[in-house]
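An overview of the molecular structure
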Amino acid sequence: MSSNQLDKKSEAWSALFSEPMSELVKRYTASVFFDKRLWLADITGSLAHAEMLAAQGVITAADRAEIERGMAQIRSEIEAGTFEWKLDLEDVHLNIEARLTQLVGDAGKRLHTGRSRNDQVATDVRLWLRDEIDLISDLLKELQVALVDVAEQNVDVILPGFTHLQVAQPVSFAHHLLAYVEMFSRDAERMGDVRRRTNRLPLGSAALAGTTYPLDRERVARTLGMEGVCQNSLDGVSDRDFAIEFTAAASLCMVHISRFSEELILWMSQNFGFVKIADRFTTGSSIMPQKKNPDVPELARGKTGRVVGHLMGLITLMKGQPLAYNKDNQEDKEPLFDTVDTLKDTLRIFCEMVGGQPNPVTGQKEGGITVNAIAMEAAANKGYATATDLADYLVKKGLPFRDAHETVAHAVKAATSHNCDLSELPLSVLQGFHPSIEKDVFDVLSLRGSLNARNTLGGTAPAQVRTQIARHRQRLA
Ligand code: ARG
C-alpha cells in the first residue's frame, strides 16, 4: 500500500482483488451506516489493545502515544459531527482505522497487530451492550419505584381481581401494581445475569485461532472492566449468545409492559373508568371529538411484537452457522440496536406515565396515573366477588369445602335473581341456604373483610401489601 491513507476498503486487505466491487454489492455488504454507533466502544477497545501491545513490547511506547493522540482527535471529530464516514470503508472499524492511519501514519497501521475485525467487532458489541444494559437496569429500577409510589397511595383501594376477565375476588389496587413490580424486578435480575455473560473479552481471539503475538488478554479485560476472557478463540469470535439472551430478556420485559398496557387500555375505557393517564400520553380522533385514545400503551403493546421479532431474527441468524466468524454475524446489529432503542424509550415513557414528572417549583412528582377508587370499588361490588369468602365461612362452620361451594352457588343464583349482592340478602334468606349462617356472615361478605382475611404471605390483605411495599423500598433504595 503506497499511500498513508486507506480510502477504499479493498486497500484494507490486499492487491489480490482484480476488480472493484459494484455499487450495489458495496451497499449490500456495508454496515457503517448502522454500526457507526459502536464508535466509542471501538475506540475504547482499540486503546486497551494498544496499551497492552506496548506493555508487551509488540509496539513501542511512541506508537502507542501516537495511537492515543490520533484516537483523541477522531473522538472529537465524531463528537463534533465532522468525521467523514465512508461507505467505501464498509464499517465502523475500517473507517476509524483508516482515519487513524491518515492522522498518525505507521503507528496507526500497527494497531491491528494481533487482532482481526472478527474479535474486534465481537468486543465492540459486548462493550456497547454492557453499557446499554446498565442504562436499562436503571430505568427498570425507576419504573419499579414509580409503581411502588402509586401502590403506596392505594393500599386500601379495592379493585375487582379477575380470572378469565370475570370478577373473581377483590384485591388491593396496590397489590395488583406490585405484581408488575415483581415482573420488572425479575427483568432487572435477568439483565444482571445477561450482563455477566456479555462482559467477557473476545479480543485476542484474532481471526479465529488466536495469534502468534505474546498478547496479555487478561490485561485488556481488566482495562476494559470485563469480568473474564473468552476461553476459546473460535467461540470468542462467533458467539452471539449474549445478544440473543439480551433480546430474550428484553422481549420478556416488553411482554410485561404489554400486559400492563393491556390493563391500562381496559381500565381507561368508559366501561371500566378505573384510571386516567395524563393527556400527553393520549391522542384525540380526527373525526370523533369525544375521544382520548390510549396511544402510548397501545403502541407499547404493538412494539412488543417488534422486539419479539428481533429475538426470532437473531436466534435464526445463528442456527446454521459453522464455526467460526461468518458475515451473517453482521446482521446481529440492527435487531440488537432496535431492541435497545425500543426498550429504553418504552421504559422511559412508562416511568413518566406511571409516576409523573417533577414539578419544577416544588420538586414533587405530578401527572402520573390517577386512580378512580370509587369506580373500582363499585365494579368489585358487582359479580359476587366475596362468594369464596362465604364458602370459607361455611368451611369454618364445619362444612366440607365442596359442599360449601355448592351451597354458595345456590345463594349466588338467588342473589342474581333478586338483582342484588350476596351482602344485600337478608339474614333469614341466607340462613335458608344453611342453618349455620349467623349475623357475623356480613363481616366476610364485605369487600374489606374479604381483603383483610387474605393475610398470608403474598396475599392481598393491606397488612401484607404494606410489608411488601417496605421490602421493595429497601430493595430499591
Ligand atoms: N462489519 C463486520 C461485522 O459486523 C465486521 C467484521 C468483519 N469481518 C470479516 N471477516 N468480514 O460483523
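The structure reproduced in this document is the subject of the present report. (Residues numbered from 1 in each chain as written. Predicted model: local features only at pLDDT ≥ 70, side-chain atom pairs only at ≥ 80, totals over all residues. Heavy atoms only, no water.)

**Section: the site of the ligand**
Around the ligand lies a shell formed by Ser 31, Asp 35, Asp 91, His 93, Arg 117, Asn 118, Val 121, Tyr 325, Gln 330 and Lys 333. Side-chain polar atom of Tyr 325 to an oxygen atom of the ligand: 2.4 Å apart, as the coordinates give it. Contact distances for the ligand include 2.5 Å between an oxygen atom and a side-chain N or O atom of Lys 333. By residue number, the principal contributor to the shell around the ligand is helix 8 (residues 117-153), which donates three residues. In terms of residue class, the shell around the ligand is built from two nonpolar, four polar and four charged. (Near = heavy atom within 4 Å. Polar contact = N/O pair within 3.5 Å; in protein donor to acceptor, adjacent residues only side chain to side chain. Helix = DSSP H or I, 4+ residues; strand = E, 2+ residues; numbered from the N terminus. Nonpolar A, V, L, I, M, F, W, Y, C, P; charged D, E, K, R; others polar.)

**Points about the side chain of His 49**
In this structure, His 49 sits in helix 4 (residues 39-55). Among the polar contacts made by the side chain of His 49, one reaches the main-chain carbonyl oxygen of Leu 111 at a distance of 3.4 Å. Apart from the residues within four sequence positions on either side, His 49 is in contact with Leu 111, Thr 113, Gly 114, Arg 115 and Leu 203. (Contact = heavy atoms within 4.5 Å.)

**Considerations on the packing of helix 4 against helix 8**
Look at helix 4 against helix 8: their axes get within 8 Å of each other, and the N-to-C directions meet at 115 degrees. Along this stretch, helix 4 crosses helix 8, giving a crossing that reads as right-handed. Facing helix 4, whose interface residues are Ala 41, Asp 42, Gly 45 and Ser 46, helix 8 presents Gln 120, Asp 124, Leu 127 and Trp 128. Looking at the contact of helix 4 with helix 8 residue by residue, the class counts come to three nonpolar, three polar and two charged. (Axes fitted to C-alpha atoms, helices over the stretch in contact; angles between N-to-C directions. Left-handed = near helix turned anticlockwise from the far one by under 90°.)

**Focus: the nonpolar core**
Ranked by size, the top nonpolar core spans 99 residues in total, and within it Phe 246 and Phe 260 carry the most contacts. With residues up to four places along the chain from it excluded, the contact list for Phe 260 reads Leu 147, Leu 177, Tyr 180, Trp 267, Phe 350, Val 354 and Ile 369. Of all hydrophobic cores here, the second largest spans 19 residues; its members include Ala 391, Ala 404, Ala 415 and Val 441. (Core = buried A, V, L, I, M, F, W, Y, C linked by side-chain atoms within 4.5 Å. Buried < 20%, exposed > 50% of the residue type's maximum accessible area, 1.4 Å probe, protein only.)

**Topic: the environment of Glu 262**
For Glu 262, the position within the fold is in helix 12 (residues 241-268). Here the alpha-carbon distance between Glu 262 and Leu 427, two residues 165 residues apart in the chain, equals 40 Å.

**Side note on the pairing of strand 1 (residues 158-163)**
Pairing of strand 1 with strand 2 (residues 166-172), which is carried by six bridges, proceeds in the antiparallel orientation. When the bridges of strand 2 are listed, Phe 162 appears paired with Val 167. Between strand 1 and the antiparallel strand that follows it, strand 2, lie two residues; His 164 among them carries a positive phi value of about 55 degrees. (Pairing = 2+ DSSP bridges.)

**Concerning the pattern of salt bridges**
Applying the stated criterion to the full structure yields 35 salt bridges. The salt bridge partner of Asp 187 is Arg 190, with a shortest N-O separation of 3.2 Å. In this pair, Asp 187 and Arg 190 both sit in helix 9 (residues 173-198), three residues apart, roughly one turn of the helix. For Asp 187, a relative accessible area of 1% puts it in the buried group. (Salt bridge = Lys/Arg side-chain N within 4 Å of Asp/Glu carboxyl O.)

**Concerning the packing of aromatic side chains**
Following the criterion strictly, the structure yields seven aromatic pairs and no others. Seen from their ring centres, Trp 128 and Phe 337 are 4.8 Å apart, and the 65 degrees between their planes marks the pair as edge-to-face. One end of the pair, Trp 128, is in helix 8; the other, Phe 337, is in helix 14 (residues 333-355), and 209 residues separate them in sequence. Relative accessible area serves as the criterion here: at 9%, Trp 128 is assigned to the buried category. (Phe/Tyr/Trp six-rings, centres within 6.5 Å; stacked < 30°, edge-to-face > 60°.)

Keep in mind these numbers describe shape, not what the thing actually does.
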